Amino acid sequence: PPLRPSPRPHRCPATDRAMATVPNLTAIRADIAGPLPTADRQVDVVVSMNTLECLVDPAAAIVEMARILRPTGMAVRHTPISRRAW
């Protein structure tokens, strides 16, 4: 059966502390399995670590990341090595 998304995005205290030191950074944590709470083309960087392989529809999540990125934005994604075809 597919994994169900957590009702709350994962929090990492070490990441929170590191992000707090970056000037002009606004971090938004959201459930990538649904629409992201951001308007089109408003985000400079999207980071998704070890999440896409857990989704029922990873392609939809990638489309959603692309929707919120500015034209000059960057998506940083990491997935563990898997036999599952993307």
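Everything discussed here concerns the structure shown above.
This report concerns the structure included in the present document. Note that this is a predicted model, so its numbers are computed, not measured. (Residues numbered from 1 in each chain as written. Predicted model: local features only at pLDDT ≥ 70, side-chain atom pairs only at ≥ 80, totals over all residues. Heavy atoms only, no water.)

Remarks on helix H2 (residues 58–68)
Part 1 of the reasoning: Listed in full, the buried residues belonging to H2 are Pro58, Ala61, Glu64, Met65 and Ile68. Relative to the axis of H2, the buried residues are bounded by an arc of 115 degrees and lie together on one face.
Part 2 of the reasoning: Structurally, H2 contributes buried residues whose contacts are with strand E1 (43–49) and strand E2 (69–78). (Buried < 20%, exposed > 50% of the residue type's maximum accessible area, 1.4 Å probe, protein only. Helix = DSSP H or I, 4+ residues; strand = E, 2+ residues; numbered from the N terminus. Arc of directions from axis to C-beta. Contact = heavy atoms within 4.5 Å.)

Some points on a nonpolar patch on the surface
Part 1 of the reasoning: A cluster of nonpolar side chains, contributed by Val45, Val47, Met49, Met74 and Val76, occupies part of the molecular surface with about 450 Å² of accessible area.
Part 2 of the reasoning: Listed by contribution, the elements that provide at least two residues to the nonpolar patch are E1 and E2.
Part 3 of the reasoning: For the nonpolar patch, the leading source of residues is E1, giving three residues.
Part 4 of the reasoning: Here Val76 lies in strand E2.
Part 5 of the reasoning: Among the residues examined, Val76 registers a relative accessible area of 32% and is labelled partly exposed. (Patch = residues over 30% accessible without salt bridge, like charges linked within 9 Å, V, L, I, M, F, W, Y side chains within 5 Å. Areas by Shrake-Rupley, 256 points an atom, 1.4 Å probe, with all protein chains shown as cover. Salt bridge = Lys/Arg side-chain N within 4 Å of Asp/Glu carboxyl O.)

What about the pairing of E2?
Residues in a regular strand point their side chains to alternate faces of the sheet.
Part 1 of the reasoning: Across six bridges, the pairing between E1 and E2 is parallel. Residue Ser48 lies in a different strand from E2, and its bridge partner there is Arg77.
Part 2 of the reasoning: Handedness of the crossover joining E1 and E2 through H2: right-handed. (Pairing = 2+ DSSP bridges. Right-handed = clockwise from strand over helix to strand, strands pointing away.)

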